[in-house]
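Remarks on the overall topology
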Amino acid sequence: MREGRTTIVHTLALMVPFLVGTGFLELASRAGWVESYLLPAPSAVVGTLWTDRVEFLAAFQDTGYSALLGLGVAVAIGTLLALVFSLSEWLERALYPYALFFQTVPVVAVAPLLVIWFGFGRPTVVASSAIVAFFPVLAGGLAGLRSAEPSLMDLFRLYGASRGRVLVGLRIPSAVPQYLTGLRIAAGLAIVGALVGEFVGGGGLGSVVDVAKTQQRVDKVFGAVLLATLLGFLATLVMGRVETWARRRLS
Amino acid sequence: MKLFSLGLFLVTSLGAFAAPSDLRLTLNWKPEPEFGGFYEAERIGAFQAEKLAVKIQPGGAGTPVPQMLAAGQTEFGVLGADEVVTARARGLDLVSLFAVYQSSPHGILVREERGFKTLADVFGHEGQLAIQRGSAMALWLEKKYAPVKVKLVPFTGGIAPLLKDVNYAQQGFVTSESLLAKRQGAAVRTFLVSDSGFDPYLAVVAVRGDYLRKNPELVKAMLRALNKGWVSYLKDPAPANLIMGKLNPTIDAATFAESAKVQIPFIETAATKKSGLGSMTVERWRTLVEQLRAVKIIDKDVSPESCFATLK
Amino acid sequence: MLELESVRRSFSGREILGPVRLRIEEGDFVSMVGPSGCGKSTLLRILAGLDESDVGGRLTSSFLPRSTGFVFQESHLMPWRTVEENVRLPLELLGRKADPGRVRELLELLGLKGFERHRPRQLSGGMKMRVSLARALMGEPRLLLLDEPFAALDEPVREALDDELLRLKREMNLTVVFVTHSVAEAVYLGSRVLVFSARPGRIIMERSPNFPSERTALLRETPEFHRETRLLSRALRAGYEEAL
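The rules behind the values
Sequence order as written defines residue numbering, which begins from 1 separately in each chain. To label them, take the chains in the order written and letter them from A, then take the ligands in the order written and number them from 1. Per-residue local features of the predicted model are confined to residues with pLDDT of at least 70, and side-chain atom pairs are confined, for both listing and counting, to 80 or more; whole-chain, interface and lining totals are unaffected and use all residues. No hydrogens and no water enter the side-chain calculation; it runs on all heavy atoms of the structure. Residues forming no salt bridge and having over 30% relative accessible area are the ones grouped into patches, like charges within 9 Å of each other and nonpolar side chains (Val, Leu, Ile, Met, Phe, Trp, Tyr) within 5 Å. Accessible surface area values rest on a Shrake-Rupley calculation with a 1.4 Å probe, where residue burial reflects the displayed protein chains alone. Basic side-chain nitrogens of Lys or Arg form a salt bridge, by our definition, when they fall within 4 Å of a carboxyl oxygen of Asp or Glu. Under this rule, positive means Lys or Arg and negative means Asp or Glu; His and the chain ends count for nothing. All charge positions are set by atom: Lys at NZ, Arg at CZ, Asp at CG, Glu at CD. Think of it this way: any DSSP run of H or I at least four residues long counts as a helix, any run of E at least two long counts as a strand, and we number them from the N terminus. The span one expects for a helix is its residue count, reduced by one, times 1.5 Å. Note on exposure labels: buried denotes an accessible area under 20% of the residue type's maximum, exposed denotes more than 50%, and partly exposed covers the range between, all computed with a 1.4 Å probe on protein chains only. Throughout, a residue-residue contact means that at least one pair of heavy atoms, one from each residue, lies within 4.5 Å. Buried area is calculated as the accessible area (1.4 Å probe) missing from two parts once they are joined, with the contributions of both summed. Residues adjacent in sequence count toward polar contacts only when both atoms are side-chain atoms; beyond that, a polar contact is any pair of N or O atoms within 3.5 Å, and within protein one must be able to donate a hydrogen and the other to accept it. Gly counts as polar in this scheme, as do all residues outside two lists: the nonpolar Ala, Val, Leu, Ile, Met, Phe, Trp, Tyr, Cys and Pro, and the charged Asp, Glu, Lys and Arg. Nonpolar cores are built from buried Ala, Val, Leu, Ile, Met, Phe, Trp, Tyr and Cys residues. Side-chain atoms within 4.5 Å join them into one set. Between N-to-C directions, angles span 0 to 180 degrees; the directions come from axes that are lines fitted to C-alpha atoms, helices contributing only their stretch in contact. Geometric relationships in this document are graded by angle, where less than 35 degrees denotes roughly parallel, more than 145 denotes roughly antiparallel, 65 to 115 denotes roughly perpendicular, and other angles denote oblique. This arc is taken over the directions from the axis of the helix to the C-beta atoms. A pair of aromatic rings is counted whenever rings of Phe, Tyr or Trp (Trp by its six-membered ring) have centres within 6.5 Å, and the orientation is called stacked for planes under 30 degrees apart, edge-to-face for over 60 and tilted otherwise. Charge-over-ring placement is defined geometrically: NZ (Lys) or CZ (Arg) within 6 Å of the ring centre, and within 35 degrees of the ring normal. Between any two strands, at least two bridges found by DSSP are needed for them to pair. Domain ranges listed in this record stem from an automatic or a database domain assignment.

1. Overview of a positive patch on the surface
Among the surface-exposed residues, Arg227, Arg230, Arg234 and Arg237 of chain C lie close enough to one another that they form a single positively charged patch. Mapped onto the fold, Arg234 of chain C is located in helix 7 (residues 223-243).

Written out as structure tokens, the structure is:
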């Protein structure tokens, strides 16, 4: 009983600043304190989301799909590399600096190159998304694989376990919590990467922002940004649930 | 770049406060002969002579000039006439003062190998066309040459893909990108967009209406200086080209010279000989407003007279 | 039989252990006490084959490889496995088939009947230690090494597990090396008690008290017991002070 009440109170507590802020903004817009050309009234943003809902929905799905694919690629390559690096120290030392490059490269600068290599449309968007999402997967996976308790490692050694058995029986299960945290971060980043890719490659919410900005439709820009934020929020929510479930099952 | 401009756009949304000592003139691209008269005005001390301290701010892909004017981040901005009309339709009171390009040098660049003879060919065949999506020009061309067979892709500046890929076409200025492509050895054909009937003033210097009303003498002084700059630049572009060349190393000196020459008929016309450099007519603005309404980029009428001011 | 000669161990230039000279016979229950950091754990790991003496030292063992069980200070159970799955680990790693009857027997032996499907997080500290013990015994070791296994537990639990351990040693015919902080526990459990000095750890006293092999709680009250513990405690303290 009390838990249910607490959740309601929490939700209300979250809503209050949002409602107050939005209400104030609406008021400010109508009173002319804020230049509506630069900062639209919330009602205008909601209005365009409704009026152009077909376009927005399609763009939302487009970006979401690209981000999902990008995340998939990042997870596949990141996970594989984490496993390889955990097994071979010299491979790790040789290749890790290149992996680090993906963490530090400003994808906005690289995006035009992606178009040259992958062409316009989804391939570039997915590539951009994957580049940005890749490193947290690798870092989380590697940290997780290394987080196996030393005493358990000793135990495995005591019974003469092979590297493979240690990997499967100990390292991988130990890695799950940190790996999933990496995935959660990667999921959010995959969306950002997709948006950047869309600026140069076309499609999705990125395109909506591009066109809206060109047409000086600040309400539409905000609408698209809002949807992109929602997408990111959903991704984090889903991954957070997975993380919680895994933590409960595995510890 | 677009992400940067989006960020800037959002950050400046809460209005401007500071009144700087320098007047800012923000360009919507990197320094090129398109802006030669401005740098020349600076060089020959035209601003100083009018007791003005002016800072020329170069731009790049996606520089949000209308938004910067709205936020008070710049006093004078350079943008296209279509952008001025759109801004007015969105509630931003912008007034144009000086139109460098009397006719639009916008073109669609394609590779000669395609064998296209008209703009219609470009839109009627498969391939890729990089164009600023949602812009008035793009919407006009898409409407005029419907059904569009070519795949429209985002345009982010530069000519690299054009040089690499035969099936790639892109927007560009006949006074700039076309020459660059030629210099890089590509066989490129340029179709003037104005041939399709869409011919807005470009490289237009504009201010906020309230700024104009508050500082009429200052604005007039600025225009006098700009005029002097352009007259001087048209006579001899070389010194200003040198200055701009240092600011924009992506274009070599020879191309700078050629561009300055090729752009003259776009700047000096029968109209400017009569009414002066940069002058504008209400008929041109009226046509533009009608065209923007036709492609539905604006949904309300904008008074053509309100778009510009002729100051003496 | 285990024989150590001139066994020493240094880490980053610091001598932690040694030289140690020791012989352990089959059937011994060797208790080791010593100040923290004196290398007892390191010695245990060397006995287990998880670490090696520095050059010059030698370990001779008649125990077959992989016939050693190890119990750590913390139970170190795998949280993603059930009690039964945790206990079965040695068999898995040794590639031996798990006889379900045998597994159930061992669990029952350690008072874990009914907890087979539980997760470690559902168990108390004492229960987890029992699982850790069961795991160590699952591989049918001849040698059992324990590193302060009951230190984190309450006294009554500790004493119960002490008796449990003695019983298991008897029933399974084990040789045991037991490291502890507690002199009383060392004396209660061990047929031999070794006192180590502070770092670098060396054996400074050895006692083989003449107590009956069947230990009962009453033993702890006898004057002989107190005498032994006093003697060993004094040596231990001396070992501490020597280091200061």
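2. Remarks on helix 5 (residues 155-172) of chain C
All names here are of chain C. The first and last C-alpha atoms of helix 5 sit 25 Å apart over 18 residues, in line with the 26 Å expected at 1.5 Å per residue. By the burial criterion, the buried members of helix 5 are Leu161, Asp162, Glu164, Leu165, Leu166, Leu168, Lys169 and Met172. Buried residues belonging to helix 5 abut strand 3 (29-33), helix 3 (100-109), helix 4 (125-138), strand 6 (143-147), strand 7 (175-180) and helix 6 (183-189). After helix 5 finishes, the residue Asn173 shows a positive phi value of roughly 60°.

3. Overview of the interface of chain C and chain A
Contact with chain C, which involves 22 residues of that partner, is made by 20 residues of chain A. Across the interface of chain C and chain A, roughly 2100 Å² is buried in total on both sides, 59% from carbon and sulfur atoms. For chain C, the biggest contributors to the area lost against chain A are Leu50, Trp80 and Leu93 of chain C; these three give 33% of the whole. At the junction of chain C and chain A, the tally comes to 1 salt bridge. When the shortest N-O distance is used, the salt bridge between Arg45 of chain C and Asp154 of chain A registers 2.7 Å. Seen at the junction of chain C and chain A, the total is 6 residue pairs in polar contact (both at pLDDT 80 or more). At the level of elements, helix 1 (40-48), strand 5 (68-71), helix 2 (83-94) and helix 4 of chain C are the ones that each hand at least two residues to the side of chain C that touches chain A. Broken down by element, the residue count for the side of chain C that touches chain A peaks at 5 residues, all from helix 2 of chain C. Looking at side-chain class alone, the side of chain C that touches chain A contains 12 nonpolar, 4 polar and 6 charged residues.

4. Some remarks on the nonpolar core
Counting residues in each nonpolar core, the largest one holds 83 residues, and the members touching the most others are Leu205 of chain A together with Met32 and Val177 of chain C. Sort the elements by how many residues they give to this core and helix 8 (residues 163-201) of chain A lands first, with 14 residues. Residues within four places of Val177 of chain C in sequence aside, it is in contact with Ile24, Val30, Met32, Leu44, Leu47, Leu143, Leu144, Leu145 and Leu146 of chain C. Within the second largest apolar cluster, 65 residues are counted, among which are Ala111 of chain A together with Phe155, Leu226 and Phe266 of chain B.

5. Describing unusual backbone geometry
Geometrically, the link from Ala146 of chain B to Pro147 of chain B is a cis peptide bond, its omega value of -5° lying close to zero. Locating Pro147 of chain B in the fold gives a position in the loop between helix 7 (136-144) and strand 7 (151-153). A cis amide bond links Gly18 of chain C with the next residue in sequence, Pro19 of chain C, at an omega value of 0°. Structurally, Pro19 of chain C is set in strand 2 (residues 14-24). Of note, the phi angle at Ser6 of chain C is positive, near 50°, even though the residue is not glycine. Of note, Ser6 of chain C is situated in strand 1 (residues 2-11). Even without being a glycine, His76 of chain C presents a positive backbone phi close to 45°. With respect to the helices, strands and loops of the structure, His76 of chain C is situated in the loop between strand 5 and helix 2. The exposure class of His76 of chain C is buried, given its relative accessible area of 16%.

6. Some remarks on the packing of helix 3 (residues 53-87) of chain A against helix 9 (residues 204-214) of chain A
Residue and element names in this part refer to chain A. Contact pair helix 3 / helix 9: the axes reach a minimum separation of 6 Å and the direction vectors enclose 130°. As far as their axial angle goes, helix 9 and helix 3 are oblique. Facing Glu55, Phe56, Ala59, Phe60, Asp62 and Thr63 of helix 3, the residues of helix 9 in contact are Gly204, Leu205, Gly206 and Val208. Here the contact of helix 3 with helix 9 is composed, by residue class, of 5 nonpolar, 3 polar and 2 charged.

7. Structural notes on helix 3 of chain C
Residues and elements named next belong to chain C. Residues Val103, Leu106 and Leu107 constitute the buried set of helix 3. Looking straight down helix 3, one finds that the buried residues subtend no more than 100° of arc, so they occupy a single side. Looking at helix 3, the residues exposed on the side facing more than 90 degrees away from the buried face are Arg104 and Glu105. Buried positions along helix 3 lie against helix 2 and helix 4.

8. Observations regarding the packing of aromatic side chains
How two aromatic rings sit relative to each other is set out by the distance from centre to centre and by the angle between their planes. For the coordinates displayed, the defined rule picks out 20 aromatic pairs over all chains. Judged by centre distance (5.8 Å) and plane angle (80°), the rings of Phe101 of chain A and Phe102 of chain A are edge-to-face. In this structure Phe101 of chain A comes out as partly exposed when scored by relative accessible area, which is 47%. Centre to centre, the rings of Tyr201 of chain B and Trp285 of chain B are 6.0 Å apart; their planes meet at 50°, and the pair counts as tilted. Residue Tyr201 of chain B is located in the loop between strand 9 (188-192) and strand 10 (202-208), and its partner Trp285 of chain B is located in helix 16 (residues 282-294); the two are separated by 84 residues in the primary sequence. Each of the two residues, Tyr201 of chain B as well as Trp285 of chain B, counts as buried. Over the ring of Trp50 of chain A we find Arg53 of chain A, and its NZ or CZ is 3.8 Å from the ring centre. One Lys or Arg, Arg220 of chain C, reaches over the ring of Tyr188 of chain C and ends 3.7 Å from the middle of that ring.

9. Looking at the sheet that holds strand 2 (residues 54-57) of chain B
All names here are of chain B. On the basis of which strands lie adjacent, the open sheet formed by 5 strands has the order 2-1-3-10-4 and mixed pairing. Bordering the open sheet on either side are strand 2 and strand 4 (94-101), each of which pairs with just one other strand. Each adjacent strand pair in this sheet contributes to an overall mean axis angle of 20°, direction not counted. Note that strand 1 (residues 23-26) and strand 2 share 4 bridges and pair parallel.

10. Side note on the domain arrangement of chain B
Residues and elements named next belong to chain B. Domain parsing of chain B yields domain 1 (23-103 + 200-307) and domain 2 (106-196). In this structure, domain 1 and domain 2 have C-alpha centres spaced 24 Å apart. Listed per partner, the contact involves 23 residues of domain 1 and 19 residues of domain 2. Summed over both partners, the interface of domain 1 with domain 2 buries about 1600 Å², with 67% contributed by carbon and sulfur atoms.

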